[in-house]
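Next come the chains, spelled out residue by residue.
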Amino acid sequence: MEKADYDLIIIGGGPAGLTAGIYAVRARLNVILYEKLVPGGQIIVTDWVENFPGFPEGISGMELVDRMVAQAKRLGLKIENNEVISLDISGPVKRVVFPDGAITAHAVILATGAHPKKLGVLGEEAFLGKGISFCATCDGPFYKNKVVAAVGGGDTAVQESIYLTKFAKKVYLIHRRDQLRATKILQERAFANDKIDLIWNSVVTGVEGSDGLEKITVKNIKTGEFKEFPVDGCFIWVGILPNSGFIPDTIKKDEYGFIITDYKMETSAPGVFAAGDGRSTPLRQIATAVGDAAIAAFSAEHYIESLKN
Ligand SMILES: Cc1cc2nc3c(=O)[nH]c(=O)nc-3n(C[C@H](O)[C@H](O)[C@H](O)COP(=O)(O)OP(=O)(O)OC[C@H]3O[C@@H](n4cnc5c(N)ncnc54)[C@H](O)[C@@H]3O)c2cc1C
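Every value quoted in this text rests on a predicted model; they were computed, and no experiment measured them.

Once that is clear, we can look at helix α6 (residues 286-307). Residue pairs spaced three or four apart in an α-helix point in one direction, given the helix's 3.6 residues per turn. Taking 1.5 Å of rise per residue, 22 residues should cover 32 Å, and α6 covers 31 Å from first to last C-alpha, within 8% of that figure. The set of residues buried in α6 consists of I286, A289, V290, D292, A293, A294, A296, A297, S299, A300, Y303 and I304.

Turning to the site of the ligand, a few remarks are in order. If you check the shell around the ligand, you find 34 residues, and the closest are E35, Q42, N51, D277 and I286. The separation between a nitrogen atom of the ligand and a polar side-chain atom of N51 is 2.9 Å. Here the ligand, which alone exposes 1,000 Å², has 94% of that area covered by the protein. For the shell around the ligand, the elements supplying multiple residues, two or more each, are α1 (15-26), β2 (31-35), α4 (155-164) and α6. Residue classes in the shell around the ligand are distributed as 14 nonpolar, 14 polar and six charged.

Right, let's talk about the sheet that holds strand β11 (residues 147-151) for a bit. Read across the open sheet, the five strands follow the order β10-β17-β11-β12-β13; overall the sheet is parallel. Each having just a single partner strand, β10 (132-133) and β13 (196-199) make up the two edges of the open sheet. Where β10 and strand β17 (residues 233-236) come together, two bridges link them in parallel fashion. What sits directly across from S133, in β17, is F235.

Glancing now at a positive patch on the surface. A cluster of basic side chains, namely K117, R176, R177 and R181, defines a positive patch on the protein surface. Note on placement: R181 falls in the loop between β12 (170-174) and α5 (184-192). By relative accessible area, R181 is classed as exposed at 56%.

About the cut-offs
Residues numbered from 1 in each chain as written. Predicted model: local features only at pLDDT ≥ 70, side-chain atom pairs only at ≥ 80, totals over all residues. Heavy atoms only, no water. Helix = DSSP H or I, 4+ residues; strand = E, 2+ residues; numbered from the N terminus. Expected span 1.5 Å × (residues − 1). Buried < 20%, exposed > 50% of the residue type's maximum accessible area, 1.4 Å probe, protein only. Near = heavy atom within 4 Å. Polar contact = N/O pair within 3.5 Å; in protein donor to acceptor, adjacent residues only side chain to side chain. Areas by Shrake-Rupley, 256 points an atom, 1.4 Å probe, with all protein chains shown as cover. Nonpolar A, V, L, I, M, F, W, Y, C, P; charged D, E, K, R; others polar. Pairing = 2+ DSSP bridges. Patch = residues over 30% accessible without salt bridge, like charges linked within 9 Å, V, L, I, M, F, W, Y side chains within 5 Å. Salt bridge = Lys/Arg side-chain N within 4 Å of Asp/Glu carboxyl O. Lys, Arg positive; Asp, Glu negative; His and termini not counted. Charge placed at Lys NZ, Arg CZ, Asp CG, Glu CD.

All we've got here are geometric facts, nothing functional implied.
And the structure:
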């Protein structure tokens, strides 16, 4: 067996990375986790988590992060702050590269998750952080008694729109279809909330304002009609894209860039595993991320063991 700095390197410190870390330290692997921001991933921007088992009343995203990080650290997981910018997997020992150096390991778990998709409409870039947001937890309180739009129809869009009604006097929930994709319990809550006004079969085609956002233009895709909505903020939840730009093409990905794995969470490159939202998978949630990660760490442990024989 060739020498390497670590048995296992985990890239990404969201729920998937932290879970992989918990399993790996308990398997007594020599492991390190790298996170480019702060550990927690997307749950840092999640107001309230109601569908992760073990918390009968639900739990705030931030508290869940704190608990996961505390658990991983108590068990001895080493967490370092650095961004992985490339990966050399051409040999049996994998080389993980940072802006300021590189380290090696026998196996790697990619747990780099995803980031929100933008609308791609005129004016959007100019109002990022000045009325356009992807995070209700971070920015919702700025919209007390104001009018906001929320774009999307999945779980995140509906749940976060409901949260926004704690502050905003009206939330236009704009969805391109004639029914929501969100879980039924969330739909029922949205329909029962008189601050939420559903705008069906519609897409946002433009955003305008001066110092801050002032109005959005919405097109009804059934009738072709355009309508302007005066809003103070616009929250976008129209899907996510993988953080997989640094991952070499030798690792197979789907058409959107999500990493393809087998049932053991192993990628097309031996010894490289993937877990969580960055993986090509039908459901992207905390429960699925932690499930993937447990399998990935278990598979990585067996892979490393097999190198010794
Ligand atoms: C607003 C919102 C609400 C949500 N609500 C719920 C909910 O109620 N219930 C639920 O189950 N799920 C919810 N989700 C989804 C859930 O947050 C994700 O499924 C989960 O966080 C995925 O975990 P992950 O570890 O795979 O990825 P992420 O959480 O995306 O974490 C990936 C981590 O990797 C890091 N990273 C990326 N690239 C690099 C790199 N090159 N080098 C180093 N680090 C890197 C990132 O900084 C990030 O911390 C919500 C998501 C959002 C955005």
